[in-house]
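Residues per chain, in single letters:
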Amino acid sequence: MAADATSNALTAAWESVLAQADTPTRARLANARPLALHESSYLLAVPNETARERIETRSRGAIEQQLSAHHGRPIHLAVSVDPSLEPNLEDDPTVLAPELPLREPTSGGSPSAGAVNGGRGPAAASGAGAPLVNGANGDRLNPKYTFDNFVIGSSNRFAHAAAVAVAETPGKSYNPLMIYGESGLGKTHLLHGIGHYVRQYTPHLRVKYVSTEELTNDFINAISENRTAEFRRNYREIDVLLIDDIQFLESKIQTQEEFFHTFNTLHNAQKQIVLTSDRPPKALEALEPRLRSRFEWGLLTDIQPPDLETRIAILRKKAIAEHLMASPEVLEFIAGKIATNIRELEGALIRVTAFASLNHQAVDLHLAEEVLKDLIPAGVETQITPQLIMSETASYYNVTVEELCGPARTHVLVTARQIAMYLCRELTDSSLPAIGRLFGGRDHTTVMHANKKIRQLMAERRTIYNQVTEITNRIKQAATYRR
Ligand SMILES: Nc1ncnc2c1ncn2[C@@H]1O[C@H](COP(=O)(O)OP(=O)(O)OP(=O)(O)O)[C@@H](O)[C@H]1O
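Residues numbered from 1 in each chain as written. Predicted model: local features only at pLDDT ≥ 70, side-chain atom pairs only at ≥ 80, totals over all residues. Heavy atoms only, no water.

Turning to the overall build of the protein chain, a few remarks are in order. Assigned secondary structure in the protein chain consists of 19 helices and 10 strands. Taking all 483 residues of the protein chain together, 53% fall into the buried category. For the protein chain, contacts bridging at least 24 residues in sequence account for 76% of all contacts bridging at least 6. Accessible surface, the protein chain: about 21100 Å² in total, of which carbon and sulfur atoms supply 53%. (Helix = DSSP H or I, 4+ residues; strand = E, 2+ residues; numbered from the N terminus. Buried < 20%, exposed > 50% of the residue type's maximum accessible area, 1.4 Å probe, protein only. Contact = heavy atoms within 4.5 Å. Areas by Shrake-Rupley, 256 points an atom, 1.4 Å probe, with all protein chains shown as cover.)

When you line up the elements, A348 lands in helix α12 (residues 342-358). Looking at A348, the relative accessible area reads 0%, which means it is buried. The spatial distance from the C-alpha of A348 to the C-alpha of L372 is 7.3 Å, given a sequence separation of 24 residues.

Further remarks concern the site of the ligand. Around the ligand sit 19 residues, and of these S183, G184, K187, T188 and H189 come closest. One nitrogen or oxygen atom from the side chain of N156 is found 3.3 Å from a nitrogen atom belonging to the ligand. Protein coverage of the free-state accessible area of the ligand, which is 630 Å², stands at 94%. Listing elements by their share of the shell around the ligand, those giving two or more residues are α5 (187-201) and α12. Looking at side-chain class alone, the shell around the ligand contains 6 nonpolar, 8 polar and 5 charged residues. (Near = heavy atom within 4 Å. Polar contact = N/O pair within 3.5 Å; in protein donor to acceptor, adjacent residues only side chain to side chain. Nonpolar A, V, L, I, M, F, W, Y, C, P; charged D, E, K, R; others polar.)

Counting 35 residues, the largest nonpolar core has L404, L423, F439, V468 and I475 as the members making the most contacts within it. Counting only elements with at least two residues in this core, the list comes to α14 (386-396), α15 (401-405), α16 (411-427), α17 (432-438), α18 (444-460) and α19 (462-482). Counting residues per element, this core draws most heavily on α16, which supplies 9 residues. Non-local contacts of L404, meaning those with residues more than four positions away in its chain, are made with M390, A394, V399, L413, A416, R417, A420, F439 and R442. By size, the runner-up hydrophobic cluster in this structure holds 27 residues, among which are L185, L191, I194 and I342. (Core = buried A, V, L, I, M, F, W, Y, C linked by side-chain atoms within 4.5 Å.)

Moving on to the packing of aromatic side chains. In this structure the tally under the stated criterion is 9 aromatic pairs. On the basis of an interplanar angle of 50 degrees and a centroid distance of 4.6 Å, the ring pair of Y197 and Y201 is categorised as tilted. Residue Y197 and its partner Y201 are both found in helix α5; the two are separated by 4 residues, about one turn of the helix. Taking relative accessible area as the criterion, Y197 reaches 21% and is therefore assigned partly exposed. In this structure an aromatic cluster arises from ring pairing among F259, F263, F295 and W297. The positively charged end of R290 is found above the aromatic ring belonging to F260, 3.7 Å away from the centroid. (Phe/Tyr/Trp six-rings, centres within 6.5 Å; stacked < 30°, edge-to-face > 60°. Lys NZ or Arg CZ within 6 Å of the ring centre and 35° of its normal.)

The values reported here are purely geometric and, on their own, carry no functional implication.
This is the structure in structure tokens:
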């Protein structure tokens, strides 16, 4: 009853805001959802960073005024990003649409992409960023991530075999199956591979794929809207539950509690659970011990970085699948350059072939060397830290690091911030949440968004590509100087 009253008060306040809003504000609020009113803070969720920026910069005053009038006391608006509110997970590409009034980069049009480590660059769009489709069971699987497209080598043979075993007899072989390993080594690919396989060969089974971030958002929304029964049905009436990046459950106490019960329900009913993580359960220190121990009940398997032969084989497969023309010696050259992340490996191949095609040149060794000349050789320790990236980016845009981490959302600051976040992800091992914390305590979804946005803009706009390249060069120079 009390919850109903709270929810009614929240809705009534929101309706009063919408009623008073002018047309542009109403458009900005189209997919917004009020989450909670806590004392003098009104919490609103919007689907993406663009919407948040627009509301913060253009509509905050009017909304706060109306909320304060409605409640008869000063109300502060807090806007969070919840990507699940997005009808289609693609972002609004207009966030940085107007060209920025910035000084021109000193070196334009360098063939080397911005990111020195082979960056996910524009290329990544065809990999992890590829669209997810809704399957018959409501699961969302990337059509490219199948077992057929997965190259097996000594580094991933065991994980692949375990994934196939689980896909063939869900709930019977290993439960849960937990695959862990560093970023970009194929964990998500295997998870989707299981999903595809089950859908193809046992279509009556219900498969659900979610990232831990979506799971957490779903749970928060369910609580705030009194829909926990529905949430439980959605996660418990499932035959194969595939959860990506479970490390993001760390420190989320309430979601952990809920997931604990979901896990038990599924496990008791012999339903299959598959998890991926960047670390083994033991290293997930901010996870409840009872969950950690459950993750160890079934089979734990890691994925290691691939050896040279596997890397070449992955590139060959990718080149064939994407109709990219590259000779064996070029593939070997690229595979020799990037050893630790398959996403970067694919990114480098796509960058080389894209550059050749843009400039009507053949993909030969000389061109590949030129395009990838800024890559940091495998195994070389760099002194690139998030702090260095932040200070170099701030100085490039003539802003301070405090401003970069602060709340202001002018176009220049938004671009600078997103590029700095992108480079932190590309050039350092920092996790998304760690980067978010460095940038004034922002959420990891904000960092994820920035990453995706800059990758997309680098592919679409030469200005951004050049700016990222120039800032990267400066960072490298500074890091070399410090060595
Ligand atoms: N063995 C493989 N064969 C073919 N492609 C692979 C293989 N391993 C990884 N890839 C490709 O590398 C890219 C990155 O893989 P994926 O997204 O699965 O990594 P991940 O381990 O889940 O990384 P993260 O932890 O950052 O999410 C994907 O495009 C994937 O298809």
